[in-house]
Amino acid sequence: MSAQIINGKQISESIREELRLEVEQLKQNGITPGLVVILVGEDPASQVYVRNKAKACEQLGYYSEVVRVPAETSQDELLALIHKYNEQRNIHGILVQLPLPKHIEEKAIIDAISVEKDVDGFHPESVGNLMIGDDALLPCTPSGVIELLKRTGNHPAGKHVVVIGRSNIVGKPVSMLLLRENATVTICHSRTPNLPEMARQADMLVVAVGVAKLVKKEWVKPGAVVIDVGMNRLPDGKLCGDVDYDDVLDAAGWITPVPGGVGPMTITMLMANTLKSAKRARV
Ligand code: NAD
């Protein structure tokens, strides 16, 4: 039997509808959520991401600023910009689009963002809060994965979830979130032996590797939920995931397509974080 498709576009749209209602209420109390996105240089992919973030702000009625600075901007200049927005009261979220040019130390920039405005959830204090289960702004792609699971009735509690990938952006935080949701979590990575065998034990498989079509049907326990975070550009220009979708479709119980699965959730969760921060700033 063919897997049920997890439609990230549709789920993302319904979350945005919920956000829109909350924003309306907040605005009646005189608060408009505000996001600044800072782009250093002219990386084409980053330009698309930044444009989409600004578009989402507009769609939801947020205040937004996009600050484009040249690739030669010094680290000190970028830090000064962040300090300015840390102080600016109508801004509730600061996002510095990654990757940064090589002469700028990414960690110094992330550390400089005020933790209250860390809507990417990459600040060490946000990561620590996630780890110990305190309230935190959660990283967007991982929290998008959790929403996809819950909103399709695939609650992770009690399930064995295998996460492939251990990056700070996806693999590690999604594993922590799944643990918080009471899943039993196994984290696999590039040095894990017998990867297909490990993956095949999963009730739910989350793949964030960056290798096109790595996961085949032999890796998937029949009926398992497969969440594909990967976004890879094929030589013909098409986008594909880390899961061989056509191959796995008949083995999985549920599956996210690429595009249209995890991807649309990332910006939506960024919007949710900005709103959360705006609501907190108010009290
Ligand atoms: P990364 O390169 O930082 O990390 C990849 C991880 O995969 C590493 O932990 C590594 O150990 C593991 N790995 C690499 N090769 C492997 C192999 N052959 N077998 C098993 N594990 C292996 O990547 P990332 O930032 O975590 O991103 C992963 C993928 O997710 C990429 O395709 C990226 O484009 C995509 N991504 C998508 C979104 C989204 O919004 N949909 C957001 C972030 C990342």
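Residues numbered from 1 in each chain as written. Predicted model: local features only at pLDDT ≥ 70, side-chain atom pairs only at ≥ 80, totals over all residues. Heavy atoms only, no water.

- The protein chain carries the name Bifunctional protein FolD in an unreviewed UniProt entry, which gives Cohnella luojiensis as its organism.
- The UniProt entry for the protein chain carries the following comment under Function (unreviewed entry): "Catalyzes the oxidation of 5,10-methylenetetrahydrofolate to 5,10-methenyltetrahydrofolate and then the hydrolysis of 5,10-methenyltetrahydrofolate to 10-formyltetrahydrofolate." (UniProt positions renumbered as here; feature names shortened; annotations may be inferred.)

## Quick notes on the UniProt feature "domain: Tetrahydrofolate dehydrogenase/cyclohydrolase catalytic" (unreviewed entry) in the protein chain
Then, in step 1: Taking the UniProt record as the reference, the feature "domain: Tetrahydrofolate dehydrogenase/cyclohydrolase catalytic" (unreviewed entry) is found at residues 6–120.
Then, in step 2: Secondary structure across residues 6–120 divides into 50% helix and 16% strand, with the first and last C-alpha atoms of the span separated by 24 Å. (Helix = DSSP H or I, 4+ residues; strand = E, 2+ residues; numbered from the N terminus.)

## Remarks on the layout of surface pockets
Then, in step 1: By volume, the largest pocket is sized at about 1,600 Å³.
Then, in step 2: What lines the largest pocket is a set of 50 residues, and nearest its centre among them are Tyr49, Thr141, Met231, Gly263 and Thr266.
Then, in step 3: When residues of the lining of the largest pocket are traced back to their parent elements, those giving at least two are helix 1 (8–28), helix 2 (44–60), strand 4 (93–96), helix 6 (140–151), strand 9 (232–233) and helix 10 (263–282).
Then, in step 4: Ranked by residue count, the leading element in the lining of the largest pocket is helix 2, at nine residues.
Then, in step 5: Of the residues belonging to the lining of the largest pocket, the class tally is 26 nonpolar, 14 polar and 10 charged.
Then, in step 6: Shared between two domains, the lining of the largest pocket holds at least three residues of each, these being domain 1 (30–115) and domain 2 (139–263). (1 Å grid on protein atoms, 1.4 Å probe; cavity = no way out; pocket = protein on both sides within 12 Å on 5 of 7 lines; lining within 4 Å. Points joined across faces, edges and corners; volume = space filled by probe spheres on them. Nonpolar A, V, L, I, M, F, W, Y, C, P; charged D, E, K, R; others polar. Domains from an automatic or database assignment.)

## With respect to the side chain of Arg20
Then, in step 1: With respect to the helices, strands and loops of the structure, Arg20 is situated in helix 1.
Then, in step 2: There is a polar contact of 2.3 Å between the side chain of Arg20 and the side chain of Glu17.
Then, in step 3: Those residues within four positions of Arg20 in sequence are excluded, and the remaining contacts are Glu13, Gln59 and Leu60. (Polar contact = N/O pair within 3.5 Å; in protein donor to acceptor, adjacent residues only side chain to side chain. Contact = heavy atoms within 4.5 Å.)

## Notes on the domain arrangement of the protein chain
Then, in step 1: Domain annotation of the protein chain identifies domain 1 (30–115) and domain 2 (139–263).
Then, in step 2: Here the C-alpha centroids of domain 1 and domain 2 sit 29 Å apart.

## Quick word on the site of the ligand
Then, in step 1: Taken together, 19 residues sit near the ligand, with Arg166, Ser167, Val229, Met231 and Thr266 positioned nearest.
Then, in step 2: Contact distances for the ligand include 2.5 Å between an oxygen atom and a side-chain N or O atom of Ser167.
Then, in step 3: Met231 places a polar main-chain atom, nitrogen or oxygen, 3.0 Å from an oxygen atom of the ligand.
Then, in step 4: Here the ligand loses 70% of its free accessible area of 860 Å² to cover by the protein chains.
Then, in step 5: Counting atoms within 2 Å of the grid points, the majority share of the ligand lands in the largest pocket.
Then, in step 6: Residues of the shell around the ligand, tallied by class, amount to eight nonpolar, 10 polar and one charged. (Near = heavy atom within 4 Å. Areas by Shrake-Rupley, 256 points an atom, 1.4 Å probe, with all protein chains shown as cover. Sits in = over half its atoms within 2 Å of the grid points.)

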